[in-house]
There are 4 protein chains.
Amino acid sequence: MIHFDTDYMAGAHPQIMERLLETNLEMTAGYGSDDYTRSAKALIKEACGLTEGEVYFLVGGTQTNATVIDGLLAHHEGVMAAETGHINVHESGAIEASGHKVLTLPSHEGKVCAEEVSHYISQFYADDTYEHMVAPGMLYISQPTEYGTLYSLRELESLHEVCRQADIPLYIDGARLGYALGSEQADFTLPQLAQCCEVFYIGGTKVGALFGEAVVVTRKGLLPHFFPLIKQHGALLAKGRLLGIQFETLFTDQLYTRIGAHAVRLALKFKQAFIDKGYELYIDSPTNQQFFRLENKKMDELMQHATFEMWGPRGETHTVVRLGTSWATREEDVDALIALL
Amino acid sequence: MIHFDTDYMAGAHPQIMERLLETNLEMTAGYGSDDYTRSAKALIKEACGLTEGEVYFLVGGTQTNATVIDGLLAHHEGVMAAETGHINVHESGAIEASGHKVLTLPSHEGKVCAEEVSHYISQFYADDTYEHMVAPGMLYISQPTEYGTLYSLRELESLHEVCRQADIPLYIDGARLGYALGSEQADFTLPQLAQCCEVFYIGGTKVGALFGEAVVVTRKGLLPHFFPLIKQHGALLAKGRLLGIQFETLFTDQLYTRIGAHAVRLALKFKQAFIDKGYELYIDSPTNQQFFRLENKKMDELMQHATFEMWGPRGETHTVVRLGTSWATREEDVDALIALL
Amino acid sequence: MIHFDTDYMAGAHPQIMERLLETNLEMTAGYGSDDYTRSAKALIKEACGLTEGEVYFLVGGTQTNATVIDGLLAHHEGVMAAETGHINVHESGAIEASGHKVLTLPSHEGKVCAEEVSHYISQFYADDTYEHMVAPGMLYISQPTEYGTLYSLRELESLHEVCRQADIPLYIDGARLGYALGSEQADFTLPQLAQCCEVFYIGGTKVGALFGEAVVVTRKGLLPHFFPLIKQHGALLAKGRLLGIQFETLFTDQLYTRIGAHAVRLALKFKQAFIDKGYELYIDSPTNQQFFRLENKKMDELMQHATFEMWGPRGETHTVVRLGTSWATREEDVDALIALL
Amino acid sequence: MIHFDTDYMAGAHPQIMERLLETNLEMTAGYGSDDYTRSAKALIKEACGLTEGEVYFLVGGTQTNATVIDGLLAHHEGVMAAETGHINVHESGAIEASGHKVLTLPSHEGKVCAEEVSHYISQFYADDTYEHMVAPGMLYISQPTEYGTLYSLRELESLHEVCRQADIPLYIDGARLGYALGSEQADFTLPQLAQCCEVFYIGGTKVGALFGEAVVVTRKGLLPHFFPLIKQHGALLAKGRLLGIQFETLFTDQLYTRIGAHAVRLALKFKQAFIDKGYELYIDSPTNQQFFRLENKKMDELMQHATFEMWGPRGETHTVVRLGTSWATREEDVDALIALL
């Protein structure tokens, strides 16, 4: 059986495991006050071209989104997001459990469009009853999106400009950011991304770490008292250095981007094969997640030899499926998959 | 100036004021443990044809929705509602502030459709990842809707059947229920409505009371420990008898329905005049709220003599407006409005 | 039967009822945007000696506390209060339901002491692990307290000084403020009280209104976006003018203070009689609530002729009871009570 | 420098690291649906002598407490705990952030006493106003406590009996349960502990794992829909097998208890030395955490050679300190510490 379910099926990249092992017996202070964590923060700020700002490490994506959004919003505000956004669909209501409404915008293959964001905000304030409604207090986007698609630099800049004019923060969920950075179609660098938002997070769980997400606050004071908020959200790791060591490794010798590039290359390889054999793309994704609309018969057949996910409920005759790659995907498995088509 | 902004512009129906005055000097125990409250509850249960069940009195609509929904949902559940539903639009995020997500369904002139509710639920459970999503834990509808439209008895029964099959409660927001009961187009009685749902509320604020909403729980045990929840939501009135006295009055000699009928008759009168003069209906409402799409020039002209609400932002050339009536609307004011057209 | 249970047993002061009746048929805009509300706010600011600041009207005490505290605290902060404070005991967890911890301080007959507040804050920040604990983000006191006792001006100033040094707001729950202002033992004026805190509320429900509390924000910007927060907490009254009219009446010709003085005079009258007849004071209160520790036999006897409250559970041989007066208490009833002793 | 700050300063027990390494390249499904997790659950149920019930794995202690307590409480209920309980002191308000009040009981060296719990509950319901107060909905205790002390089996049984009579669950925070099981003073077994409560958790983070806590629900149906609640609380690990593998290792060949015994033996060794040299015990703890009250001069001196924690703020002349051991503590370091005394 070969596996393409998703990018968090294996453990950690071997270099990370090696470092965890090397440092295992050391005794360090808890909660991220150790030197590994300090070093990882410095490496990330450097990679992002930031001289000010802050970096925080949390454990998982849903928890990171819930904590950051809780930190950025005032009570009367909600978070704008594509209706397909992870926070609106697949977080079991974590945002609402913290008291905040997700204000949905149309999804264009997972992306929101600057004009529609701008229109939403201006229509909101044009309504005399707006104080009875939830104010758009921030914008959430994911890069890449839940559908594997990418915002171009120009799109990011436009969204950021809209947010700036409305005086609200732009927050980027980078759970799979490595697969954006590793995609040839990406026309932005990490420092450019950092300039286009107030806060973003660099996903580790899905890009080679055992777990862990690095929240980057691009300017001072945007998330005051964030440490106790992390604790309050249950997102503070006692052995905080585990996060420091992992991100230190990921941001040494560009391992993070290299992991992304490897996975994207393999995903695009089988994508091309699907296309060549006449299968239907559901979304044209340039990153490590690929979506196809398969005849049920073919899908069932493939599932005898490979694991992957149905994307939503099984359809009557056709079903949308998702196949993903990671640092752990082997070329021979991709070839085996292609042979099954 | 004549006023058609909404149905909560005047004080209370004179009979209510009279009763409040008559009883003003009496001393009674607080928090609804008085005889007036007991009597009002009995009258309401009788009017609803209920032998079991409970009645609770709260102060306002948003607070009632937030408290009931909080009481009915488990943590992992959200409330389904039309995207135009009051809880989704005009409650400043009160539902989310209590930790619950509003799961939106398409709105058909303010109404949801049983097939779409059923489809939503079945698609939800057909998705393998459903435990990562917010489960549809109840259905919220408003009768009449925010657009003045009505569910027929058959539609209510269909919705209830869908809910029953999914084993979730149906909750009806009756903020303006009197205007449904007072509409000739309504094909249901109050007891029939009570049979079609688990919980509903009978709105007082917008139907002749100074304030107050009566929550009707149609069967025992559906909302356990609701009293402390009301208190926790800040919805418990110290001088609880004020609610008892008002609802006792409203449910004596069918005052509640008579108020509704008066307002609806006057609303339909000017609606017909708008139609006759060639104005465009935005929605075909059979109740006390009427919606028209007016040329801005005409709207501005009318606003010199009458007050009413823009429904959403002012449009470029045309704007949707809402005009409402209440127990306090006078026939001569309606005639004056018609003369302005 | 004569009634001394509490101060919210009757309706409203007759002058309020009269004004509500006189204005009943007028049509005004909703949610407090009417002229009565504007006028009431101006009268209250004048009575408080405030030139800047804001006044907001809410419906009840628990709701007011929950909304104000939610507005003043950041996520990582809690509210310090006497362990006997209303928010800690009798609000069914409304503060925690909004996500905030009540940090308890020792109660000295219902009051907190400036030295202990100061000590609490300094010990908090002296603890290296303080970011894992809930920061003292504001101080809540009630004036008079839940035991009828009063803070002197000097005590208020000391508490305010401690708060100022810690850069946190002081919030005063004035549910029964009229009975402080009406007590001869009070050595402060309303403007002096307003100078001693950031936010306080002037209770209407327990001091002559049907319901209603006036939140006074003593300086601009202390509670930004408070209007949608009121709505979100379900505390926004649709017919907002009802609050405006009531407080306009209470703050005309010093009715508010006169109500307080009347009730306090009668309470002190029976208090003296209890003392003279050898009954045991539980607390020495100078306001409208009096607390005695009675033999159960005597208590049961009195309860045949008068209603009043047990303060906590019935004891084995003695029980603490509370007797209260209001604008509606008649001198003849106090004399009848005294005759029973 | 030698380290006695706490028990989460090193990585994981070598056997755990070895297993993580061995399995690192395997591909398994996410979120705990893998075979390692299934196996770990079975081992834990067996070790607990449970045939029914459920086991869930979460990442950290605060998050576990917040999620379990949120799952067990109804809205109107709070959680009783010693005033020194971790949930009341060191979780940055995580319980309140989920909407629940912590109801504090006196702490007896970290423990609550059955009589006082029983008294609290009976006094609560003896108060006529109890529906205005937060009901005691569950009992939280920690074993060992935050002060290293242990409940005897008899004490646990008494507490459980009190809870059973009140029909509320008893929940045991076992963040350091291994150090109870590894203490000779413990007079209970794991199956006996499981019989004494409804839910408890077996701490991994502080007892040899990189991170992870195993929630044991001792009977079916006590925590319905707990999986989405874990997700909602941000406590669901994507690579769930990491928890399975760690706990599988800990519950093979009694590694968990052996780790505890090792640490306790070393802690008691230096404890005896402190006593022998005339130092003052702050608490008489039989587990891996030891508390002394040191002269500041001596404390400062020791801190030149060893790291440990001040327990609360530095005192004027003396300060309470905490020293802890873990699986990673070496005998030679303990001897070095003793030599410093």
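Just so it is clear, the model here is predicted, and its values are computed rather than measured.

Trainee: Is there a simple way to think about the overall build of chain A in this case?
Mentor: The secondary structure content of chain A amounts to 14 helices and 13 strands. Rg of the C-alpha trace for chain A: 20 Å, near the compact-globule value of 20 Å for 341 residues, within the 12% margin. Taken along its principal axes, the extent of the C-alpha atoms in chain A is 60 × 55 × 35 Å. The 341 residues of chain A split such that 65% are buried. For chain A, long-range pairs separated by at least 24 residues make up 72% of all intrachain contacts whose partners lie at least 6 apart in sequence. A total of about 11900 Å² of accessible surface is found on chain A, and carbon and sulfur atoms cover 48% of it. Looking at chain A, you have 26 positive and 45 negative side-chain charges, and the mean spots of the two groups are 5 Å apart.

Trainee: Teacher, can you tell me more about the interface of chain A and chain D here?
Mentor: Frequently, the measure chosen for interface size is the accessible area removed from exposure when the parts meet. Across the boundary between the two partners, chain A contributes 43 residues, which contact 43 residues of chain D. Counting each side, the surface lost to burial between chain A and chain D is near 3800 Å², with a carbon and sulfur contribution of 62%. Of all residues in chain A, Tyr8(A), Met27(A) and Lys239(A) give up the largest surface area on contact with chain D, accounting jointly for 20% of the area buried on that side. Linking chain A with chain D are zero salt bridges.

Trainee: Looking at this structure, how should I read the relation of the copies chain A and chain D?
Mentor: Copy one and copy two of the chain differ by a rotation about a common axis and a shift along it. Of the transformation superimposing chain A on chain D, the axial component is 0.0 Å and the angular component is 180°, with the fit at an RMSD of 0.0 Å. On this basis, the relationship between the two copies can be described by a two-fold rotation axis. A shared binding surface is used by both copies, with 100% of the interface residues of chain A retained as interface residues in chain D.

Trainee: Would you explain the sheet that holds strand 9 (residues 280-283) of chain D in this entry?
Mentor: Backbone-to-backbone hydrogen bonds pair the strands of a sheet. The strands run either parallel or antiparallel. Residue and element names in this part refer to chain D. Across the sheet, which stays open at both edges, the four strands sit in the order 9-10-13-12 with antiparallel pairing between neighbours. Here the strands that pair on one side only, and so sit at the sheet edges, are strand 9 and strand 12 (309-310). When strand 10 (residues 289-295) meets strand 13 (residues 318-324), the two strands line up antiparallel, connected through seven bridges. Bridge pairing in strand 13 links Gln289 to Gly324. Across the sheet, helix 12 (residues 255-276) touches strand 9, strand 10 and strand 13, and the angle it forms with strand 10 is around 25°.

Trainee: Explain helix 7 (residues 153-166) of chain B to me, please; I cannot follow it from the model alone.
Mentor: The α-helix advances 3.6 residues per turn, and as a result positions three or four apart in sequence lie on the same side. All names here are of chain B. For helix 7, which comprises 14 residues, the first-to-last C-alpha distance of 20 Å matches the rise-based estimate of 20 Å (1.5 Å per residue) to within 8%. Within the span of helix 7, buried status applies to Leu153, Leu156, Leu159, His160, Val162 and Cys163. Buried residues in helix 7 make contact with helix 6 (114-126), strand 5 (135-142), strand 6 (170-174) and helix 9 (190-195). Backbone geometry just downstream of helix 7 places Asp167 in the positive-phi region, at approximately 60°.

Trainee: Help me out: how do you make sense of the packing of helix 2 (residues 35-47) of chain B against helix 11 (residues 241-250) of chain B in this one?
Mentor: Geometrically, a packed helix pair is captured by the angle between its two axes and the distance between the axes. Residue and element names in this part refer to chain B. It is at 7 Å that the axes of helix 2 and helix 11 come closest, and there the two elements cross at 40°. Accordingly, the angle class assigned to the pair helix 2 and helix 11 is oblique. Between helix 2 and helix 11 the crossing geometry is left-handed. Residues Tyr36, Thr37, Ser39, Ala40, Leu43 and Ile44 of helix 2 form the contact with helix 11, whose participating residues are Arg241, Gly244, Ile245, Phe247 and Glu248.

Trainee: Is there a simple way to explain the interface of chain B and chain D in this structure?
Mentor: Each partner contributes residues to the interface: chain B has 13 residues there, and chain D has 13 residues. A buried area of about 1500 Å², summed over both sides, lies between chain B and chain D, and 60% of it is on carbon and sulfur atoms. Broken down residue by residue, the surface that chain B buries against chain D is led by His75(B), His76(B) and His132(B), which jointly contribute 42%. Counting every contact that joins chain B to chain D gives eight residue pairs in polar contact (both at pLDDT 80 or more). Considering each element in turn, the side of chain B that touches chain D owes the most residues, five residues, to helix 10 (residues 226-232) of chain B. Among the residues forming the side of chain B that touches chain D, the class breakdown is five nonpolar, five polar and three charged.

Trainee: Where do I start with the side chain of His76(D) in this structure?
Mentor: With respect to the secondary-structure elements, His76(D) resides in the loop between helix 3 (61-72) and strand 3 (77-82). In terms of polar contacts, His76(D) uses its side chain to reach the side chain of His225(B), at 3.2 Å.

Trainee: Can you help me understand the pattern of salt bridges in this one?
Mentor: As a working rule, side chains carrying opposite charge can pair if their charged atoms are close by. Throughout the structure, instances matching the rule amount to 72 salt bridges over all chains. Put simply, Asp333(A) and Arg330(A) hold a salt bridge, and the shortest N to O gap is 3.3 Å. Owing to a relative accessible area of 14%, Asp333(A) belongs among the buried residues under this scheme. As a salt-bridge pair, Glu301(C) and Lys298(C) come within 3.3 Å of each other at their nearest N and O atoms. Of this pair, Glu301(C) and Lys298(C) both sit in helix 13 (residues 296-302), three residues apart, which is roughly one turn of that helix. According to the relative accessible area criterion, Glu301(C) is partly exposed, its value standing at 40%. Its relative accessible area of 17% is what places Lys298(C) among the buried residues.

Trainee: Any chance you could explain the side chain of His76(C) here in plain terms?
Mentor: What makes His76(C) buried here is its relative accessible area of 9%. With residues up to four places along the chain from it excluded, the contact list for His76(C) reads His225(A), Pro228(A), Gln232(A), Met133(C), Val134(C) and Ala135(C).

Trainee: Can you walk me through the packing of helix 12 (residues 255-276) of chain C against helix 14 (residues 331-340) of chain C in this structure?
Mentor: All names here are of chain C. At their nearest, the axes of helix 12 and helix 14 sit 10 Å apart, and the two run at 10° to each other. With respect to each other, helix 12 and helix 14 are oriented roughly parallel. Side by side, helix 12 and helix 14 meet where Arg265, Leu266, Lys269, Phe270, Ala273 and Phe274 of the first sit next to Glu331, Val334, Asp335, Leu337 and Ile338 of the second.

Trainee: Explain the sheet that holds strand 10 (residues 289-295) of chain A to me, please; I cannot follow it from the model alone.
Mentor: Residue and element names in this part refer to chain A. Read from one edge of the open sheet, four strands run 9-10-13-12, paired in antiparallel fashion. In the strand order of this sheet, the two ends are held by strand 9 (280-283) and strand 12 (309-310), each with one partner. Sheet strands in contact with helix 12 (residues 255-276) are strand 9, strand 10 and strand 13 (318-324), and its direction is about 25° off that of strand 10.

Trainee: Help me understand the pairing of strand 9 of chain D in this model?
Mentor: Consecutive side chains of a regular strand alternate in pointing toward one face of the sheet and then the other. Residue and element names in this part refer to chain D. The pairing of strand 9 with strand 10 spans three bridges and is classified as antiparallel. Bridge pairing in strand 10 links Leu281 to Phe292. Following strand 9, the chain reverses through five residues before pairing antiparallel with strand 10.

Trainee: Before we go on, may I ask you to explain helix 12 (residues 255-276) of chain B in this structure?
Mentor: The terminal C-alpha atoms of helix 12 of chain B lie 32 Å apart, and with 22 residues this matches the ideal 32 Å at 1.5 Å per residue to within 8%. Looking at helix 12 of chain B, one finds that the buried residues are Leu255(B), Tyr256(B), Ile259(B), Gly260(B), Ala263(B), Val264(B), Leu266(B), Ala267(B), Phe270(B), Lys271(B), Ala273(B) and Phe274(B).

Trainee: Explain the pairing of strand 6 (residues 170-174) of chain C here, please?
Mentor: Residue and element names in this part refer to chain C. Most of strand 6 sits out of view: five of its five residues are buried. Of the two faces of strand 6, the one carrying Leu170, Ile172 and Gly174 and the one carrying Tyr171 and Asp173 are both buried. Relative to strand 6, strand 5 (residues 135-142) is paired through four bridges, and the arrangement is parallel. Paired with Ser142 across the two strands is Asp173, which belongs to strand 6. What joins strand 5 to strand 6 is helix 7 (residues 153-166), and the crossover it makes is right-handed.

Trainee: Honestly, the packing of aromatic side chains in this entry has me stumped. Any pointers?
Mentor: The description of two aromatic rings rests on the distance between their centres and on the angle between their planes. Using the criterion set out here, one finds 70 aromatic pairs over all chains in the structure. Their ring planes at 85° and their centres at 4.8 Å tell us that Phe124(C) and Tyr125(C) sit as a pair that is edge-to-face. Judged by relative accessible area, Phe124(C) falls into the buried class, the value being 5%. In textbook terms, an aromatic cluster arises when at least three aromatic residues are bridged by ring pairs, as seen for Phe4(A), Phe270(A), Phe274(A), Tyr279(A) and Phe292(A). One residue, Lys111(B), lies across the ring of Tyr151(B), its end atom 5.5 Å from the ring centre.

Criteria and cut-off values
- Residues numbered from 1 in each chain as written.
- Chains lettered and ligands numbered in written order.
- Predicted model: local features only at pLDDT ≥ 70, side-chain atom pairs only at ≥ 80, totals over all residues.
- Heavy atoms only, no water.
- Helix = DSSP H or I, 4+ residues; strand = E, 2+ residues; numbered from the N terminus.
- Rg over C-alpha atoms; globule rule 2.2 N^0.38 Å.
- Buried < 20%, exposed > 50% of the residue type's maximum accessible area, 1.4 Å probe, protein only.
- Contact = heavy atoms within 4.5 Å.
- Areas by Shrake-Rupley, 256 points an atom, 1.4 Å probe, with all protein chains shown as cover.
- Lys, Arg positive; Asp, Glu negative; His and termini not counted.
- Charge placed at Lys NZ, Arg CZ, Asp CG, Glu CD.
- Buried area = accessible area lost by both parts, 1.4 Å probe.
- Salt bridge = Lys/Arg side-chain N within 4 Å of Asp/Glu carboxyl O.
- Least-squares fit on C-alpha atoms with pLDDT ≥ 70 in both.
- Pairing = 2+ DSSP bridges.
- Axes fitted to C-alpha atoms, helices over the stretch in contact; angles between N-to-C directions.
- Expected span 1.5 Å × (residues − 1).
- Parallel < 35°, antiparallel > 145°, perpendicular 65-115°, else oblique.
- Left-handed = near helix turned anticlockwise from the far one by under 90°.
- Polar contact = N/O pair within 3.5 Å; in protein donor to acceptor, adjacent residues only side chain to side chain.
- Nonpolar A, V, L, I, M, F, W, Y, C, P; charged D, E, K, R; others polar.
- Right-handed = clockwise from strand over helix to strand, strands pointing away.
- Phe/Tyr/Trp six-rings, centres within 6.5 Å; stacked < 30°, edge-to-face > 60°.
- Lys NZ or Arg CZ within 6 Å of the ring centre and 35° of its normal.

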